[in-house]
Amino acid sequence: MENLFRLVDHEEFVSKRCIWVNGPVIVGAGPSGLATAACLREQGVPFVVLERQDCIASLWQKRTYDRLKLHLPKQFCQLPKLPFPEDFPEYPSKKQFIQYLESYVNHFDINPHFNQCVHSARYDDTSGFWRVKTAEVEYICRWLVVATGENAECVVPEIDGLSSFQGEVIHACDYKSGESFRGKNVLVVGCGNSGMELSLDLVNHQASPSMVVRSSVHVLPRQVLGKSTFELAVMMLKWLPLWLVDKIMLLLAWLVLGNVEKYGLKRPSMGPLEMKNTKGKTPVLDIGTLDKIRSGDIKVVPGIKRFNGGGQVELVDGQKLHVDAVVLATGYRSNVPSWLQEGELFSKNGYPKMPFPHGWKGNGGVYAVGFTKRGLSGASSDAVKIAQDIGKVWKEETKQKQQRTTACHRRCISQF
């Protein structure tokens, strides 16, 4: 307790309310943070969840488009200890996934502290505790779980002339539906799963999208002969080496989708699974976009050179397009470096230094969940390991305290 009093000087004690947390502080109430909280609950370890927004899973609730569905079958997306309802479809919708998360919170009695944006978190060597600061409160804890995820901040690229473009420019996180773009020429910058799906949504709302494809991309069918492509890959990896599974996946993609390179979608030299494992780049699972590219409803264009005046954009190959709006499907990044003062577990880019599956635990009681670049299944794996690690120490110390209390009680009785 003496160490605890050393943590705050007089001015901080007066200006900030200090709260001792008898267990870990979890920063982030997205699926990763909720999964960790549920696993800790099962271990009997108390915790506090801090969330900067006013709801759980704010990325899903506030920064995703209306037509979004899980890209993988539900059995690969469920969180620990609670499966999806049986009556949910194989690929649950955004609304259904949020319903699942809300039932998850209720089932495990998780009560996040909302509107608590963490400004800084650092380990105090003198006391051996973490100091986690928000605008009004400083939380003191022994363990810190970083669950802010890979998608905390939007990535907005610097494009010559974009700032002077007079049409509408939005990031994919602000896109809800193609209805407001009906009849317009829309430039979609990015060809990942979001860029592909937004382009399809725009066509379905009678807009005319042009999709910028700067680099190579793997496009795979979401299903082959009624089976999930991802599920097939997981099954084959149990028996075959990764390089061979990659070759089989590319053969299946060619049989189902044909040669996509003639539409401007050049495949990388590295296989889709190897690229996912080494670079964290997810292959695109086609849900109908390729048909619209073949028909010409979606145009594939190369990189942007600059935006000129009057709604004109010049491409790197010399083409000039007139566009009414721009949607930046340029991805997200971690915000960990902006608030976590730690340099051993996390690198400067906001991701763990150690590759999967070794990047979940650091020194001094800090943990990372949801940074594996392996989606919800990777986050669930992290959550289980973190809770077991903390739970083991918690149970040992609780047992020792009970033994000391019992011994003391016996001594007191013998004195009477």
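Residues numbered from 1 in each chain as written. Predicted model: local features only at pLDDT ≥ 70, side-chain atom pairs only at ≥ 80, totals over all residues. Heavy atoms only, no water.

S.K.: Explain the confidence of the model for the protein chain residue by residue, including any values.
M.R.: Residues of the protein chain with pLDDT of at least 70 account for 92%, and the chain-wide mean is 90. Contacts from residues 4–14, a stretch scored under 50 in pLDDT, to residues over four places away or in other chains number 17 contacts. Predicted confidence for residues 406–416 stays below pLDDT 50, and this span has zero contacts to residues more than four positions away or in other chains. (pLDDT = per-residue confidence, 0-100. Contact = heavy atoms within 4.5 Å.)

S.K.: Pulling in residues and values, what's your account of the packing of aromatic side chains?
M.R.: Under the defined criterion, the tally for this structure stands at 15 aromatic pairs. Taking 4.5 Å as the distance between ring centres and 55° as the angle between the ring planes, the aromatic pair formed by Trp 60 and Phe 97 counts as tilted. In this pair, Trp 60 is assigned in helix H4 (residues 58–62) and Phe 97 in helix H5 (residues 94–107), connecting sequence segments 37 residues apart. Residue Trp 60 is classed as buried on the basis of its relative accessible area, which comes to 14%. Since its relative accessible area comes to 0%, Phe 97 is described here as buried. Centroid distance Trp 360 to Tyr 367: 6.1 Å. Interplanar angle 20°. Geometry classified as stacked. Ring pairs connect the aromatic residues Trp 60, Phe 84, Phe 88, Phe 97, Tyr 100, Tyr 104 and Phe 108, which therefore count as one cluster. The ring of Tyr 351 is capped by Lys 373, whose NZ or CZ atom sits 4.6 Å from the centre of that ring. (Phe/Tyr/Trp six-rings, centres within 6.5 Å; stacked < 30°, edge-to-face > 60°. Helix = DSSP H or I, 4+ residues; strand = E, 2+ residues; numbered from the N terminus. Buried < 20%, exposed > 50% of the residue type's maximum accessible area, 1.4 Å probe, protein only. Lys NZ or Arg CZ within 6 Å of the ring centre and 35° of its normal.)

S.K.: Before we move on, can you summarise the pairing of strand E5 (residues 129–133) with the specific residues and values?
M.R.: Counting buried residues along E5, five of its five residues qualify, which places the element largely inside the surrounding structure. Here E5 shows a buried face lined by Phe 129, Arg 131 and Lys 133 and a second buried face lined by Trp 130 and Val 132. Sheet topology note: the strand E4 (residues 120–124)/E5 ladder contains five bridges and is antiparallel. From the neighbouring strand, Tyr 123 faces E5, where its bridge partner is Trp 130. A loop of four residues connects E4 with E5, the two strands running antiparallel in sequence, and Gly 128 in this loop sits at a positive phi of about 85°. Relative to strand E6 (residues 137–141), E5 is paired through four bridges, and the arrangement is antiparallel. (Pairing = 2+ DSSP bridges.)

S.K.: Can you explain the sheet that holds strand E16 (residues 299–301)? Please cite residues and give values.
M.R.: Pairing is parallel across the open sheet formed by five strands, whose spatial order is E9-E20-E10-E11-E16. Both outer strands of the open sheet, strand E9 (168–171) and E16, are each paired with one neighbouring strand and no more. Each neighbouring strand pair of the sheet contributes to a mean axis angle of 20°, computed without reference to strand direction. For E9 and strand E20 (residues 325–328), the ladder comprises four bridges, and the chain directions are parallel. Bridge pairing in E20 places Glu 168 opposite Ala 325. Taken strand by strand, helix H6 (residues 193–204) contacts strand E10 (185–189), strand E11 (208–212) and E20, and its axis lies near 165° from that of E11. (Axes fitted to C-alpha atoms, helices over the stretch in contact; angles between N-to-C directions.)

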